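# Structural overview for review
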Amino acid sequence: MEANEHEHVIEVTDLRRVYGGGFEAVRGVTFSVRRGEIFALLGTNGAGKTSTVELLEGLAAPAGGRVRVLGHDPYTDRAAVRPRTGVMLQEGGFPSELTVAETARMWAGCVSGARPPAEVLALVGLESKAGVRVKQLSGGQRRRLDLALALLGDPEVLFLDEPTTGLDAEGRRDTWELVSTLRDAGTTVLLTTHYLEEAEQLADRLAIMHDGRIATTGTPAEVTATQPSRITFELPEGYFVGDLPPLAELGVTGHETDGRTVRLRTRELQRAATGLLVWAERARVELHRLDVRSASLEEAFLGIAKEVSAAETAHTRKEYAA
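These figures come from a predicted structure and were not determined experimentally.

Looking now at the overall build of the chain. When you go through the chain residue by residue, the secondary structure sums to ten helices and 13 strands. Along the three orthogonal principal directions, the C-alpha set of the chain runs to about 75 × 55 × 35 Å. Expressed as a percentage of the 322 residues in the chain, the buried residues total 45%. Considering only intrachain contacts with a sequence separation of at least 6, the fraction spanning at least 24 residues in the chain is 67%. In the form shown here, the chain has an accessible surface area of approximately 16,200 Å², with 49% of it arising from carbon and sulfur atoms. Side-chain charges in the chain split into 37 positive and 47 negative, and the spacing between the mean points of these groups amounts to 2 Å.

This is the structure in structure tokens:
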């Protein structure tokens with residue numbers, strides 16, 4: 001056990017993964033996950049999320065770099081790591097003819113110190129489906145079964161790969177509540193997800209992957225703060241953008257118009273909104289459809305991906321020109 005296991009239960013340094021033919025899916029990834037936090041890996045399809053998580057789970061050896069889970073190499077020290085972790089894969093692949101209860105009992109026989117199967121089925125809301133064959137479950141119910149089996153060993157570290165795919169809105173919210181409860185009880189959770197709202201709701205910290213690398217990392221608030229906030233409103237009749245206070249003095253960095261609708265971008269939301277409202281009050285006009293909001297995680301995600309792609313394109317052109 002390494003000294004900093006008590007603080008960081010997952011440590012990844014310059015991690016690389018190469019598939020046959022030389023394709024580099026993970027290209028020098030570095031991050032850490034603290035004990036008792038939820039850490040989300042985000043990225044488009046092919047960004048390298050699942051390839052990274054599989055290395056953390058010990059399913060393959062990295063082509064380079066270093067990974068430690070609970071102070072151990074999850075590939076070479078699998079016997080020390082596996083009993084203390086739970087894994088929810090994108091697809092479980094359970095025997096279709098077994099019932100839900102039979103599947104849970106079978107899985108429990110492979111887990112050291114397994115919790116009672118009925119207990120974990122109740123946790124994920126499948127107690128009423130215990131006698132139903134797996135082949136008769138809906139896609140969302142199968143995802144709940146995947147999660148139940150990942151929890152059988154009462155893991156210290158829980159890996160969740162797209163945990164709410166196929167769930168309806170209620171099932172997704174129930175899963176979020178369960179994962180948050182597990183975190184509050186001390187479980188460390190690393191999840192991948194395509195649902196940005198899910199990451200925004202659950203994650204203490206997150207990383208956005210792009211083309212096998214980490215483009216940015218931080219709390220959801222820190223990541224969204226990298227993108228400008230926006231103010232949208234309709235100009236009063238008889239007024240034009242030029243009638244507004246000088247936008248630069250309001251801290252506005254850009255604007256667009258669509259008919260009478262004006263959209264302002266700013267990194268100083270309070271200053272810009274206050275200046276705009278003071279102007280409206282003095283001019284005795286009302287700003288209809290006024291909408292003032294910080295950037296969403298989705299906007300940050302798309303903005304960061306666009307910025308990284310543009311930088312990579314510029315770098316490629318520079319190399320080509322050289």
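This is not the end of the story, as more comes after the structure.
Its twelve residues place the ends of helix α5 (residues 139-150) 17 Å apart at the C-alpha level, agreeing with the 16 Å of an ideal helix rising 1.5 Å per residue. Where α5 is concerned, the buried positions are G140, R143, L145, D146, L147, A148, L149 and A150. Residues of α5 that are buried sit in contact with β5 (85-88), α3 (100-108), α4 (117-123), β6 (157-161) and α6 (169-184).

A separate point is the nonpolar core. Formed by 40 residues in total, the largest nonpolar core has its most connected members in L42, L145, L160 and L206. Element by element, the count of residues in this core is highest for α5, at five residues. If you look at the next biggest cluster of nonpolar residues, it comprises 25 residues, including V26, F39, L70 and M209.

By volume, the largest pocket is sized at about 450 Å³. Lining the largest pocket are 22 residues; nearest its centre among them are R82, G86, V87, W107 and L149. Among the secondary structure elements, those contributing two or more residues to the lining of the largest pocket are β5 and α5. Broken down by element, the residue count for the lining of the largest pocket peaks at four residues, all from β5. Space inside the second largest pocket adds up to approximately 190 Å³. For the second largest pocket, the full set of lining residues is Q227, P228, S229, R230, E256, R263, L264, R265, A295, E299 and G303. For the lining of the second largest pocket, the secondary-structure elements that each account for two or more residues are β10 (229-234), β12 (261-266) and α10 (297-321). At three residues, β12 tops the list of elements feeding residues into the lining of the second largest pocket. Looking at the lining of the second largest pocket, its residues break down into three nonpolar, three polar and five charged.

Bringing α3 into the picture now. Buried within α3 we find V100, A101, T103, A104 and A108. Across the axial projection of α3, the buried residues extend over an arc of 160°, all falling on one side.

For A104, the position within the fold is in helix α3. In the structure, A104 is positioned 18 residues away from G86 in sequence and 14 Å away in space, judged by C-alpha atoms. The contacts of A104, once residues within four sequence positions are left out, are P117, L121, L149 and L152.

Let us now look at the confidence of the model for the chain. For the chain, per-residue confidence averages 90 on the pLDDT scale, and residues scoring 70 or more make up 93% of the total. Looking across the chain, the model is least confident in α10, with a mean pLDDT of 70, and most confident in strand β4 (residues 64-69), with 97.

Reading across the sheet, the four strands line up as β11-β12-β10-β13 and stay open at both edges, with antiparallel pairing between neighbours. Of all strands in the sheet, those with a lone pairing partner are β11 (252-258) and β13 (288-293), marking the two edges. This sheet shows a mean twist of 15° between the axes of neighbouring strands, independent of strand direction. Each of β10, β11, β12 and β13 is contacted by helix α9 (residues 269-283), which is oriented at about 20° to β10, the strand it contacts most.

Here is what the cut-offs are and how they apply
Residues numbered from 1 in each chain as written. Predicted model: local features only at pLDDT ≥ 70, side-chain atom pairs only at ≥ 80, totals over all residues. Heavy atoms only, no water. Helix = DSSP H or I, 4+ residues; strand = E, 2+ residues; numbered from the N terminus. Buried < 20%, exposed > 50% of the residue type's maximum accessible area, 1.4 Å probe, protein only. Contact = heavy atoms within 4.5 Å. Areas by Shrake-Rupley, 256 points an atom, 1.4 Å probe, with all protein chains shown as cover. Lys, Arg positive; Asp, Glu negative; His and termini not counted. Charge placed at Lys NZ, Arg CZ, Asp CG, Glu CD. Expected span 1.5 Å × (residues − 1). Core = buried A, V, L, I, M, F, W, Y, C linked by side-chain atoms within 4.5 Å. 1 Å grid on protein atoms, 1.4 Å probe; cavity = no way out; pocket = protein on both sides within 12 Å on 5 of 7 lines; lining within 4 Å. Points joined across faces, edges and corners; volume = space filled by probe spheres on them. Nonpolar A, V, L, I, M, F, W, Y, C, P; charged D, E, K, R; others polar. Arc of directions from axis to C-beta. pLDDT = per-residue confidence, 0-100. Pairing = 2+ DSSP bridges. Axes fitted to C-alpha atoms, helices over the stretch in contact; angles between N-to-C directions.

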